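What follows is each chain in one-letter form.
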Amino acid sequence: GRSFSAVTTEGLLVYSLDRHLTFDPFLLDTKITPEAIRNSLVTNQHSKALIDAFKLNEKSLIVESIEKTPSHDIDLIVKQWPLIFLKRLMSHLAGELESSRHIEFYLRWSKSILLQHGSYIKDQASDLMPVLNLLLKNVTRKSEDLGKVCENNKFAIKYLLTVGERADKNQEQGDKILKEVQDGDSSGAEEEEDSDSEIDMADLQANWSDNDSESGSEEGEEGGSNSDRSSQSSDSDMEQG
């Protein structure tokens, strides 16, 4: 293996080849194990699981215990939290606020601690000042980072709204122009139909006048032929007489 432990009169000694492995328990007893902590989380004993995680002092178990605690139970857990573990809890929260994505969740923990244990923190200000400074620094940094993101989002939304308004205006102008073109085409078609009907009426009137003149000439020819016939008949009657 990569590590071993030894129980001596000095205490429990752990030797490991992993430089980042740390084992620094606090008020540890034989009943506190990772399995027992996870069993407490399963049975919704979140306060007990979190206290045992701080006693075992393994960061992964502390993070797991905190983040599996329902947000509506935070105030109750903090109110019953042992003061001997308060500095450790605040130190952990301050460190997680620097890198965690669960900003609101950890801010709820911090706010509840300040409200529930404000008088104790004030009395122990000299001892808790480094933790408070770290908490303030990380909260301020997160606020500045989120402020930049919010400002960029505001400008982006404003730009998108302006582009949308311009697109709507262009669409309205295009629809208006299209409607005018369609109205012009329809009026032109009506004028063409009117002109065509006028031309048809003129042609019809011309045809009627031509037909009338032809019929009049035919009647004149027929009248002339009848007068010739009557004159010829009168001449023949005179010869016979």
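In case you missed it, the structure is sitting above this.
Please read these numbers as outputs of a predicted model, since none were measured by experiment.

J.: What is the right way to read the packing of aromatic side chains from this model?
T.: Two descriptors summarise a pair of aromatic rings, namely the distance from one centre to the other and the angle between the planes of the rings. Scanning the entire structure with this criterion turns up 4 aromatic pairs. Seen in terms of ring centroids, tryptophan 81 and phenylalanine 85 are 6.4 Å apart; in terms of plane orientation they differ by 65°. Their pairing is edge-to-face. Across this residue pair, the class does not change: tryptophan 81 and phenylalanine 85 are buried. Plain terms: the ring middles of phenylalanine 105 and tryptophan 109 are 6.5 Å apart, the flat faces sit at 75° to each other, and that makes the pair edge-to-face. One end of the pair, phenylalanine 105, and the other, tryptophan 109, are both in helix 6 (residues 103-116), 4 residues apart, so they sit about a helical turn from each other. Across the pair, exposure class does not vary: phenylalanine 105 and tryptophan 109 are buried alike. A connected cluster of aromatic rings, assembled from ring pairs, spans Phe54, Trp81 and Phe85.

J.: Teacher, can you tell me more about the environment of serine 71 here?
T.: Looking at where serine 71 falls in the secondary structure, it is placed in the loop between helix 3 (59-67) and helix 4 (74-79). Between the C-alpha atoms of serine 71 and tyrosine 106, which are 35 residues apart in sequence, the distance is 9.7 Å. Residues contacting serine 71, with those up to four places away along its chain left out, are Phe105 and Arg108.

J.: Just checking my understanding: could you explain helix 5 (residues 86-99) for this structure?
T.: In a regular helix each residue adds 1.5 Å, so 14 residues correspond to 20 Å; helix 5 covers 21 Å between its end C-alpha atoms and thus fits that length. If you check which residues of helix 5 are buried, you get Leu86, Leu89, Met90, His92, Leu93, Ala94, Glu96 and Leu97.

What counts as what
- Residues numbered from 1 in each chain as written.
- Predicted model: local features only at pLDDT ≥ 70, side-chain atom pairs only at ≥ 80, totals over all residues.
- Heavy atoms only, no water.
- Phe/Tyr/Trp six-rings, centres within 6.5 Å; stacked < 30°, edge-to-face > 60°.
- Buried < 20%, exposed > 50% of the residue type's maximum accessible area, 1.4 Å probe, protein only.
- Helix = DSSP H or I, 4+ residues; strand = E, 2+ residues; numbered from the N terminus.
- Contact = heavy atoms within 4.5 Å.
- Expected span 1.5 Å × (residues − 1).

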